[in-house]
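Spelled out from the first residue to the last, the chains are:
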Amino acid sequence: VKEKLLSQIIKVRRATPHFQGKPVPDKDLRKIVEAGRLAPSGYNLQPWRFIVVQEKEQKNKLQKAVMNQPKVGEASVVIVACGVPDAWKEGDLDEMLELARKNGYGDSKEHEITRKKVEGSLGSKPGEAGGLKPDIGLWVNRHVMIAFTHMMLMAEAMGYDTAPMEGFYEDKVRDVLKIPENVRVVAVLTIGKLKGKDKPYAGRFELSKIIFSESWGKGY
Ligand SMILES: Cc1cc2nc3c(=O)[nH]c(=O)nc-3n(C[C@H](O)[C@H](O)[C@H](O)COP(=O)(O)O)c2cc1C
């Protein structure tokens, strides 16, 4: 099938109210998750992990953790987007630099500078001074939602319908999917084909309200 144009998707995409639930072919699903894999992240640290749920029983269990929202049980695929605040310390920084080396990106001197910068800004040792000490929940969310959105838009481009979800109990989702405690559950993406009528467009704030020019509050 011909992919939809991004400009079209952005205009017509709705948060799908109900799904038919027919399975998504493996090669389509791969293309969707691949779009997430290719997303950008700060220092290319890729602090995301995604759980792809397709089995009926697992979806039903997950639905309970997602405030019993029926779309989770109905959808063909449910992707649970997670962020791992400490992944960079636990091997991802090394692996990312090794990947860069293999791809001919930068040299070893530059890689060591990057390592120092990451350790400095994300704080390699607890309590170490000098780091930016980012709000780590905000930090993982920032990255995970870009990959999540890549997947959502790719699914839409391929003719699927999607619904993003935040209405879940993080602990319960962790329990059902055996997600470790130090991993944040950021959002849930349901994918499938629309059943029944789509949700109407509810409107958006005007540009003049949400876009500023040069500094906060100045009209664009
Ligand atoms: C991150 C995120 C979380 C959301 N969580 C839920 C949810 O838990 N349940 C739900 O029914 N809709 C959820 N929505 C859908 C929004 O209500 C919907 O996107 C919004 O009303 C705008 O409608 P539209 O997407 O159809 O344009 C969520 C949307 C986003 C982006």
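What you see is a predicted model; the values in this text were computed from it and never measured. (Residues numbered from 1 in each chain as written. Predicted model: local features only at pLDDT ≥ 70, side-chain atom pairs only at ≥ 80, totals over all residues. Heavy atoms only, no water.)

**Describing the sheet that holds strand β1 (residues 48–53)**
Moving on, step 1. The strand order across the open sheet formed by four strands is β1-β2-β4-β3, and the pairing between neighbours is antiparallel. What marks the edges here is a single partner per strand, and that holds for β1 and β3 (161–165). Across the sheet, the axes of successive neighbouring strands diverge by a mean angle of 20°, strand direction being ignored.
Moving on, step 2. Examined bridge by bridge, β3 and strand β4 (residues 184–192) share five bridges and lie antiparallel to one another. (Pairing = 2+ DSSP bridges. Helix = DSSP H or I, 4+ residues; strand = E, 2+ residues; numbered from the N terminus. Axes fitted to C-alpha atoms, helices over the stretch in contact; angles between N-to-C directions.)

**Points about helix α6 (residues 108–122)**
Moving on, step 1. Over its 15 residues, α6 runs 21 Å from end to end, which matches the ideal 21 Å to within 8%, given 1.5 Å per residue.
Moving on, step 2. Taken residue by residue, α6 has H111, R115, V118, S121 and L122 as its buried positions. Seen end-on, α6 carries its buried residues on one side only, within an arc spanning 145°. In α6, those exposed residues whose orientation departs by more than 90 degrees from the buried face are K109 and K116.
Moving on, step 3. Those residues of α6 hidden inside the fold are in contact with α5 (88–102) and α7 (136–157). (Expected span 1.5 Å × (residues − 1). Buried < 20%, exposed > 50% of the residue type's maximum accessible area, 1.4 Å probe, protein only. Arc of directions from axis to C-beta. Contact = heavy atoms within 4.5 Å.)

**Side note on the environment of I9**
Moving on, step 1. Mapping I9 onto the fold places it in helix α1 (residues 6–12).
Moving on, step 2. In this structure the C-alpha to C-alpha distance between I9 and E156, which are 147 residues apart in sequence, comes to 6.7 Å.
Moving on, step 3. Look past the residues within four positions of I9 in its chain and what remains in contact with it is K4, L153, E156 and A157.

**Some details on the packing of aromatic side chains**
Moving on, step 1. Scanning the entire structure with this criterion turns up one aromatic pair.
Moving on, step 2. Judged by centre distance (4.6 Å) and plane angle (70°), the rings of F212 and W216 are edge-to-face.
Moving on, step 3. What makes F212 partly exposed here is its relative accessible area of 28%.
Moving on, step 4. Positioned over the ring face of Y169 is K172, at 4.3 Å from the centre of the ring.
Moving on, step 5. Above the ring of Y160, the side-chain terminus of K193 is found at 4.9 Å from the ring centroid. (Phe/Tyr/Trp six-rings, centres within 6.5 Å; stacked < 30°, edge-to-face > 60°. Lys NZ or Arg CZ within 6 Å of the ring centre and 35° of its normal.)

**Digging into unusual backbone geometry**
Moving on, step 1. One non-glycine residue with positive phi stands out, namely M67, at about 45°.
Moving on, step 2. Backbone geometry at K178 places phi at a positive 60°, although glycine is not the residue there.
Moving on, step 3. Tracing the sequence through the fold places K178 in the loop between α8 (170–177) and β4.
Moving on, step 4. K178 sits in the exposed class, given a relative accessible area of 74%.

**Some details on the environment of Q20**
Moving on, step 1. In this fold, Q20 is placed in the loop between α1 and α2 (26–37).
Moving on, step 2. In the structure, Q20 is positioned 54 residues away from E74 in sequence and 6.5 Å away in space, judged by C-alpha atoms.
Moving on, step 3. Polar contacts involving the side chain of Q20 include one to the main-chain carbonyl oxygen of L194, which spans 2.8 Å. (Polar contact = N/O pair within 3.5 Å; in protein donor to acceptor, adjacent residues only side chain to side chain.)

**Thoughts on the pattern of salt bridges**
Moving on, step 1. Under the defined criterion, the tally for this structure stands at eleven salt bridges.
Moving on, step 2. Notably, a salt bridge pairs R49 with D92, separated by 2.9 Å at the nearest N-O pair. Here D92 lies in helix α5 and R49 lies in strand β1, a separation of 43 residues in the sequence.
Moving on, step 3. Salt-bridge contacts for E170 lead to R184; the nearest nitrogen and oxygen are separated by 3.0 Å. A residue pair is termed long-range when its members are at least 10 positions apart, and E170 in helix α8 and R184 in strand β4 qualify at 14 residues.
Moving on, step 4. Judged by relative accessible area, which is 37%, R184 ranks as partly exposed.
Moving on, step 5. Salt bridges linked by common partners bring E170, D171, R174 and R184 together as one network. (Salt bridge = Lys/Arg side-chain N within 4 Å of Asp/Glu carboxyl O.)

**Considerations on the environment of C82**
Moving on, step 1. The residue C82 is located in strand β2 (residues 77–83) in this model.
Moving on, step 2. Given the relative accessible area of 2%, C82 is considered buried.
Moving on, step 3. Along the sequence, C82 and A187 sit 105 residues apart, while their C-alpha atoms lie 7.2 Å from each other.
Moving on, step 4. In this structure, C82 is in contact with P47, W48, R49, V144, I179, V183, R184, V185 and V186, ignoring residues within four places of it in sequence.

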